[in-house]
Amino acid sequence: MPGSVLLFSVHLHDHRWHGAGEWPPSPGRLFQALVAGVASRAALSPEHPHREALEWLEGLAPPAIAVPGGWPTKGFQTYVPNNDLDAVNGDIRRIGEIRVGKTIRPRLFEGEAVLLFAWDIDAGEDAERHAAVLGEVARCLYQFGRGVDIAWADAEVLADGEADARIARHDGEVWRPAKEAAAGGTALRCPRRGTLKSLLDREEDRRKRLLAGVLRQPRQPALRIVAYNCPPDQLLFDLKPSEQNRRFEPWPLVRVAELATRVRDYAAKRLSRELAGQAGMIERILIGRGASERDKAQRVRIIPLPSIGHTHTDTAIRRVLIERPCDCPIRGDDLNWALSGLDLAVDPETGELPAHSGPILAPADDRSMLRHYGIEPCSSACTWRTVTPVALPVPPLRGRAKGSERLENEMLAAHAVAQALRHAGVGARLDAVRVQREPFFSAGIRAEAFASATRFPSSRLWHAEITFGESVTGPLVIGDGRYCGLGIMMPLEARRRDALILPIRAHERPPVGHRRAVIAALRRALMSLAADAQGFVATLFSGHATGTEPARPGQHRHVYLLADDADGDGLLDRLGVVAPWRVDRSWHPRLQLREDFEHVAGELRVLRAGAAGLLSLDVPHDPAPDDPLFASSRAWRSRTPYQVTARSLGGKPARAAVERDVVAECGRRGLPKPDVVVAHPEDGSGRGSAGIILHFSAAVPGPIMLGRDAHAGGGLFEALRYCVRT
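Residues numbered from 1 in each chain as written. Predicted model: local features only at pLDDT ≥ 70, side-chain atom pairs only at ≥ 80, totals over all residues. Heavy atoms only, no water.

*Asks:* Describe unusual backbone geometry, naming the residues involved and giving the relevant values.
*Replies:* In this chain, Gly474 is followed by Pro475 through a cis amide linkage whose omega measures 0°. Structurally, the position occupied by Pro475 is in the loop between strand S22 (461-473) and strand S23 (476-477). Here Gly702 and Pro703 are connected by a cis peptide whose omega angle stands at 5°. Take Pro703: it is sitting in the loop between strand S34 (692-701) and strand S35 (717-720). (Helix = DSSP H or I, 4+ residues; strand = E, 2+ residues; numbered from the N terminus.)

Okay, here's the thing in structure tokens:
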């Protein structure tokens, strides 16, 4: 069964769901419902095939979830007896005195009330056997949610492509487990190894809640928390000429609103003609006519992308990005059909030619432009600037305004930017806002020039620069004109993480003596994550050029690893993965290497370190600004022994050889020449380890990792605030 998917389909009896506390329904909830259904028919003994199949299911990776479209209701309140009859001396006639309010907020569904859970499975006889048994288990399910949520289910094994098509045809939202917990999303409970046993133990505890007159709480089920995100569908189209004699048909930047409006209206007419019964919904969701507050979150966004990324690039529009929210009632394949091949020169309803001819929308093959807007690959930045001006509800100045009046007008615009971010759903902390009429880059155009093709007067259009207190990913489009091509922003610098700290959970911290074993396990784990389908691992994580041959001497082009005892209690409490260009200041890597580093290093969550044990790692994070390993300082002291390299020993005394070796290592890392203090050379040959103190003439940012074993945590230096030279 290569590339197979185990698909559970849960059918609700009613078009409503009363489950509380989460949305979408978690895989852990489905697993508990399956166990409850099959256990109601037969005991799950250790040798029972149903139990073996469920234990196999709990070991699979988290599934994708498809849920029907709908909305939560405001709910209603009912009054039920509290489980405290002793408060009224056991008098059943006084039960009305202990009633409490209970709020019920069902979720209503549109269309077919079916939920899909898709687990990826590997090939093998065991997988095929367990999948067949789970089909029997699914047929035992009788409810899903609360007791009133009657349901039935079935399970089937589909090919990977067939399962994707089945999910794509599903009307509603598709939720997938996030690759990185740091990416954000919704935390959902998922089964893990031991979940079935914990559920059986919990049921046994419920049967023995009252022992020796003491009421005992049953044990909680063993479930893991997985971050699920529900990103919008993003369709990218090129603006192609009708005669196909060149690659693009550029569209003038100042007519960006006209382009967005034409794409929107033409696509809406095309959809309405084919989906006649949904014309009202299409007008609300695509055009925005008659849209309610609930419809705003489901609206399709049309984002023309001006060409940026190089000083000499003209800012004409050559691509259009279409963003469809995950819960948009317009199906993704319908929207793709309506836009693909759309001729913007011919009205699809009348066949008339507009005053200006237009290009044809064609699906894009190259998506590299998206990274300049912080979109793809996933990138982030703290500072963003407008490419097209943002429309703000700021009153115009009358006549020749004084300086104080202009200042007040700009302050109102800055305040309106903060409100525009809130309306666009951007929740990051806002640190600074700068507004002006002039563009922020040389090829840009003044804000007033965009007013002619819009419904906004020139006084409401502003260019803005926004600085957040944390990194924000794209696309970032704000303001009243965000649905017609205005307020499109680009990251000033897409900040990529080049150093990650991985905290070790407190109850699993190994002793410092296991440092080498932990770092070796960390290197093996990163290589495993970085391996491609053929098993090849790039030099960035392997340290080898090809096969098993080491990379060319003198080039430190692979990651630096560290295991650190930050609080000095003798236990390793954090691991670190540092990109080589962060340590070697003389190297400037290409963008793809930066993306590969962040993608692989951010995936690690569990480390099997042999004698050091199984280490669970928390979500990777950036080093703190005051971290002594990553701060800036003029004085640095070795935190782990410095191992002398074999290239600069000569016949000099040990201390002089070490000093010479350290200075040469600093030069190779692109650091300024330091004054070196050798605290204690280990032996007279100069080939051993040493404690080192470095003094630079100016502050140098960390990390500093030098010496023969620098890639394995050796020669790690910490910043000193105060240091006395000796």
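*Asks:* Describe the packing of aromatic side chains, listing the residues and the values that go with them.
*Replies:* Summed over the entire model, instances satisfying the criterion amount to six aromatic pairs. Geometry around Trp251 places Arg255 over its ring, the cationic atom sitting 4.3 Å from the centre. Sitting above the plane of the Trp462 ring, Arg437 keeps its charged end 3.7 Å from the centroid. (Phe/Tyr/Trp six-rings, centres within 6.5 Å; stacked < 30°, edge-to-face > 60°. Lys NZ or Arg CZ within 6 Å of the ring centre and 35° of its normal.)

*Asks:* I'd like a rundown of helix H15 (residues 654-668), residues and numbers included.
*Replies:* Given a rise of 1.5 Å per residue, 15 residues ought to cover 21 Å, and the 21 Å separating the end C-alpha atoms of H15 matches this to within 8%. Listed in full, the buried residues belonging to H15 are Ala654, Ala657, Val658, Asp661, Val662, Glu665 and Cys666. In the segment just after H15, Gly670 is the residue with positive phi, at about 80°. (Expected span 1.5 Å × (residues − 1). Buried < 20%, exposed > 50% of the residue type's maximum accessible area, 1.4 Å probe, protein only.)

*Asks:* Residues and numbers for the packing of helix H6 (residues 256-274) against helix H9 (residues 332-339), please.
*Replies:* Geometry of a packed helix pair, given as the angle between the helix axes and the separation of the axes. Running from N to C, H6 and H9 point in directions that differ by 115°, and their axes come no closer than 9 Å. Seen along the crossing, H6 lies across H9 with a hand that is right-handed. Residue-level inspection shows Val263, Ala267, Arg270, Leu271 and Glu274 of H6 in contact with H9, the latter providing Asp334, Leu335, Trp337, Ala338 and Leu339. Within the contact of H6 with H9, the residues separate by chemical class into seven nonpolar, no polar and three charged. (Axes fitted to C-alpha atoms, helices over the stretch in contact; angles between N-to-C directions. Left-handed = near helix turned anticlockwise from the far one by under 90°. Contact = heavy atoms within 4.5 Å. Nonpolar A, V, L, I, M, F, W, Y, C, P; charged D, E, K, R; others polar.)

*Asks:* I'd like a rundown of the sheet that holds strand S15 (residues 233-240), residues and numbers included.
*Replies:* Strands sit in the order S16-S17-S15-S18 across an open sheet of four strands; the sheet is antiparallel. Edge positions in the sheet fall to strand S16 (301-306) and strand S18 (360-363), since each of these pairs with one other strand and no more. Between one strand axis and the next, the sheet turns by 35° as a mean value, whatever way the strands run. Of the strands in this sheet, S15, strand S17 (317-324) and S18 are in contact with H9, which crosses S17 at around 160°. (Pairing = 2+ DSSP bridges.)

*Asks:* Give a description of empty space enclosed by the protein that names residues and reports values.
*Replies:* Empty space left among the atoms is revealed by rolling a probe the size of a water molecule over them. Summed over all chains, the structure comprises two cavities of 30 Å³ or more. Quantified by volume, the largest cavity comes out at close to 40 Å³. Contributing to the lining of the largest cavity are Leu12, His13, Asp14, Arg16, His18, Val148, Asp149 and Ile150. Of the residues assigned to the lining of the largest cavity, the class counts are three nonpolar, two polar and three charged. (1 Å grid on protein atoms, 1.4 Å probe; cavity = no way out; pocket = protein on both sides within 12 Å on 5 of 7 lines; lining within 4 Å. Points joined across faces, edges and corners; volume = space filled by probe spheres on them.)

*Asks:* Quick one: what's the story with the sheet that holds strand S14 (residues 223-229), residue by residue and with numbers?
*Replies:* With respect to topology, seven strands assemble into an open sheet ordered S9-S1-S8-S3-S10-S14-S11, the strand pairing being antiparallel. Since the sheet does not close on itself, it has two edges, and those belong to strand S9 (151-159) and strand S11 (186-191), each with one partner. Pairs of neighbouring strands in the sheet enclose a mean axial angle of 25°, with direction left out of account. As paired elements, strand S3 (residues 64-68) and strand S8 (residues 114-121) share three bridges and run antiparallel to each other. By the bridge assignment, Ala64 is partnered in S8 with Ala118. Sheet strands touched by helix H1 (residues 27-39): strand S1 (4-12), S3, S8, S11 and S14. Its angle to S11, the strand with the most contacts, is close to 30°. Running over the sheet, helix H4 (residues 160-169) touches S1, S3, S8, S9 and strand S10 (172-177) and is turned about 140° from S9.

*Asks:* Could you give me a rundown of the pairing of S1, with the residues and numbers involved?
*Replies:* The element S1 is largely enclosed, with a buried count of nine among its nine residues. Burial along S1 is two-sided: Ser4, Leu6, Phe8, Val10 and Leu12 and Val5, Leu7, Ser9 and His11, pointing in opposite directions, are all buried. Sheet analysis places S1 next to S9, joined by nine bridges and oriented antiparallel. Its bridge partner lying in S9, Leu6 is registered against Val157. Where S1 lies against S8, eight bridges are found, and the strand directions are antiparallel.

These values are about where atoms sit, not about what they do.
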